[in-house]
Amino acid sequence: MKLVIGIVRPEQANQVLEALHRAEVRGFSMSRVQGHGGEVERVETYRGTTVQMGLSEKVRFEVAVSDSFVDKTVEAICEGGRTGEVGDGKIFVVPLDHAVRIRTGDSDEGAVTPVSR
Amino acid sequence: MIAAVDTGDTAWMLVATALVLMMTPALGLFYAGLVRSKNTLNTFMMSIAAIAVAAVTWAAVGYSLAFDGEGSIIGGLGNAFLNGVDFAPRPGGTIPEIVFFAFQATFCIITVALISGAVVERMRFSAFLVFAALWSIVVYAVLAHWAFGGGWLASGGTLDFAGGVPVEMASGFSALAAAVVVGARKDYGRQALLPHNAVYVLLGAGLLWFGWFGFNGGSGFSTGQNSVLAFTNTLLCPAATLVVWFALDLIRGRKVTAIGAATAIIVGCVLITPAGGYVSPGWAMLLGALGAFPSYGIIVWRTRTRVDETLDVLAAHGTAGFIGILFIGFFAQASWNGVSDGLFYGNAAQLGDQALAALAAPTYAFVMTFVLLKLIGAFMPLRASDREEATGMDVVQHGEEAYVTGEGAILLLPDDVGKAAVPVADPG
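Given the structure is predicted, the values throughout are model-derived calculations rather than measurements.

What counts as what
- Residues numbered from 1 in each chain as written.
- Chains lettered and ligands numbered in written order.
- Predicted model: local features only at pLDDT ≥ 70, side-chain atom pairs only at ≥ 80, totals over all residues.
- Helix = DSSP H or I, 4+ residues; strand = E, 2+ residues; numbered from the N terminus.
- Rg over C-alpha atoms; globule rule 2.2 N^0.38 Å.
- Contact = placed C-beta atoms within 7 Å.
- Buried ≥ 20, exposed ≤ 12 C-beta atoms within 10 Å, placed from the backbone.
- Axes fitted to C-alpha atoms, helices over the stretch in contact; angles between N-to-C directions.
- Parallel < 35°, antiparallel > 145°, perpendicular 65-115°, else oblique.
- Left-handed = near helix turned anticlockwise from the far one by under 90°.
- Nonpolar A, V, L, I, M, F, W, Y, C, P; charged D, E, K, R; others polar.
- Expected span 1.5 Å × (residues − 1).
- Bend = angle between axes of the 7 residues up to and from the residue.
- Pairing = 2+ DSSP bridges.

J.: Tell me what's going on with the overall build of chain B, and back it up with residues and numbers.
T.: The helix and strand inventory of chain B stands at 15 helices and one strand. In terms of overall dimensions, chain B is globule-like: its C-alpha atoms have a radius of gyration of 22 Å, near the 22 Å expected for 428 residues. Looking at chain B alone, contacts between residues at least 24 apart form 75% of all its contacts between residues at least 6 apart.

So this is what it looks like as C-alpha cells:
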C-alpha cells in the first residue's frame, strides 16, 4: 500500500483526471497548493510596485493505492501532467501504514480498493 | 446665438451619455464573470480598451464618416477631428452637437467591446487593440451612417431606434466572423470551460440594464414621446424575456439558472433596442417574450458546434437585434411613434424596409470583419500560443492576476527590475 502524491500544473489537472480515469484509479483527493519548483518566476507589476512571484499555483493529487496500482497511478499522473517545460511538477510515492474506509470500517487493502456500491 | 438648444433635452442627454458609457465596464464585468479566473483581467481589459481606442477613432474620423452629410454609403470628413462640432445643434436637433457626438461615441465604444466576447481567452491583446481601432471605422461608422446618419437604410425608410443595425446586428455577426478567423480555444469541446463567477455575471447584466435606459431612452435625443416610450419599453421587454427564459430553463433542465437570467436580461434589452421608440408597451412585452426563443435556441445549438463564439454575442446581440428590427415591420404603430405603421397596422412596405436592413447589416458586418481580421492576421499573430493560453491571459498579456494572494511575492527594487526573470534554483 502506497500513497502517491502528484503535484502538477493546474492547467494540466483535467488531463491528469482523465488519465487516472483511464487507468481505472477511482479514489483520490486533490487540493490547490502553491509551490516553487525551479521554474522562471513571473514578474508582475501593480501600480508601480514590481514583484517577483516566487510561488506558482499547483494542484496536488493524493492517491492511496494497493501495490499493484502504484505504477499505473504514477504513469497516469506523468502522462496527464507533462508539458515538457520546467514546472511540470513532481510525484512522490510514500509507504502507507494503515488505511480505513470510514463507512464500513474496512481496513488497509480493502479500504483503498474501489467497491461497486 | 444658439436658440434651438433645449435645456431639458440637453440635461437628459448628458445623463444618458454617462449611463451608456457605464455599460462598457458593466459589459467587462459581465464577460469577466463568464470566463475562467485566469482570464478575468484580460477579458475585462478588452472592454476598457474599447473605451480607449474607439473614443479616439470616433473623434478622429468615425463620427464624421457616420454623421457628416447625406451620402448613401458613407459620410464625409467634414467633421473629422471634431471640426465644426460645437454648441449649435444639428439640423432638427435640440441638443448641442458636442453632446450628440459624445452620446454617439459611447455607442461605438460598447459595440467594439461587445465583439470581444467572441475571442476572449485566446486573442492577443495587442491584436485586439488594432482590430478595435480599424473595426470602429470600417464597420461601425459605416453602419451607423446607414442607419442613423442619413445613409441608404435611413433615407430608404428603415426604422432603427437605438442601434439594431450598427450596434446589435453588427456586433453579433462580426463576433461570428471573429470566432471563425481567430479559431476556437485549445480546450474547447474537450474540457468543460466554465464561468468562474456568476455573481459578476448577474451584477454586470444588472448594470447593463440600468445603463440601457440611457441607451434607449437617449436615442430620441430629447425628452419627447419616443424617448419616454423607449425608456419604459426598456423596463417591460427584458422583464418579459426573463419570464419566458425562466420557463424555457425549467422545461429544459428543471431549474431556473442565474447565468440564464443574466443572459435573458441582455437579450431582452437588445430586442427592444431597435424597436423601443416605435412600438407600444404591450407589443414590447410580446417582443420580449417571443424574442427569447430564437436566442435561447441558438445558445443551446451553438455550444454543440465547433464554432467557439465564446460568450454567445451572436445569440444575444445578432439574433435579438435581427428579431427586433423585423418586429418593427410588423408592429410599429404611428399612433404611438408618430412616424410609421407596420404590417399589422396596414403598412406592409415598412416590413420590406426592415427586412432589407436585416439582410444588409449582418452581411456587411460578417464579410468586413472576416476580411479585416484576415488582413491583421497577415501582419501579426492574432492569438496567444497554446502554452500562453494554458497559463492564462492575465499573466501573459498583462503581468497581473485578478486574484493575487501576494504569498511568496518578493518586492523588486527599481534596480533589480529586468534582472528578475532568472530561475532561483536552476534545475540545469
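J.: Residue-level account of unusual backbone geometry, with values.
T.: All names here are of chain A. Phi at Glu24 is positive, roughly 60°, even though this residue is not glycine. Residue classification places Glu24 among the exposed positions, given that 11 C-beta atoms sit within 10 Å. Phi is positive for Asp108, close to 55°, though the residue is something other than glycine. When you line up the elements, Asp108 lands in the loop between β6 (89-95) and α3 (109-112). For Asp108, a count of 15 C-beta atoms within 10 Å puts it in the partly exposed group.

J.: Describe the packing of helix α4 (residues 125-147) of chain B against helix α13 (residues 348-379) of chain B, and please don't skip the residues or the numbers.
T.: Residues and elements named next belong to chain B. For the pair α4 and α13, interaxial distance at closest approach is 10 Å and the crossing angle is 150°. With respect to their mutual orientation, α4 and α13 come out roughly antiparallel. The handedness of the crossing between α4 and α13 is right-handed. Contacts from Ala127, Val130, Phe131, Leu134, Trp135, Val138, Val139 and Leu143 of α4 reach α13 at Ala361, Tyr364, Ala365, Met368, Thr369, Leu372, Leu373 and Ile376. Classifying every residue of the contact of α4 with α13 gives 15 nonpolar, one polar and no charged.

J.: If you had to explain helix α6 (residues 164-182) of chain B to someone new, which residues and values would you point to?
T.: Residue and element names in this part refer to chain B. Here α6 contains 19 residues, and its C-alpha end-to-end distance of 25 Å stays within 8% of the 27 Å for a straight helix at 1.5 Å per residue. A maximum bend of about 35° is found in α6 at Ala170. Of all the 19 residues making up α6, 18 are buried; the element is thus mostly covered by neighbouring parts of the structure.

J.: Hey, could you go over the packing of helix α9 (residues 258-275) of chain B against helix α11 (residues 313-331) of chain B for me, with residue numbers and the actual values?
T.: Pairs of packed helices are described in terms of their axes, by the angle between the two and the distance that separates them. All names here are of chain B. α11 packs onto α9 with a crossing angle of 35° between their chain directions and a minimal axis gap of 7 Å. Our pair here, α9 against α11, has a crossing hand that is right-handed. Contacts between α9 and α11 involve Thr263, Ile266, Val267, Val270, Leu271, Ile272, Thr273, Pro274 and Ala275 from the first element and Ala316, His317, Ala320, Gly321, Ile323, Gly324, Ile325, Phe327 and Ile328 from the second. Considering only residue class, the contact of α9 with α11 consists of 13 nonpolar, five polar and no charged.

J.: Can you explain the sheet that holds strand β2 (residues 29-35) of chain A? Please cite residues and give values.
T.: Residue and element names in this part refer to chain A. Taken together, the four strands give an open sheet; going across it, the order is β2-β5-β1-β6, and neighbouring strands pair in antiparallel fashion. At either end of the open sheet lies a strand with only one pairing partner, and these are β2 and β6. The mean inter-strand angle of the sheet, taken between neighbouring strand axes irrespective of direction, is 20°. Sitting on the sheet, helix α1 (residues 13-22) touches β1 (2-8), β2 and β5 (56-65), and the angle it makes with β1 is about 150°. Across the sheet, helix α2 (residues 70-81) is in contact with β1, β5 and β6; its angle to β1 comes to roughly 5°.

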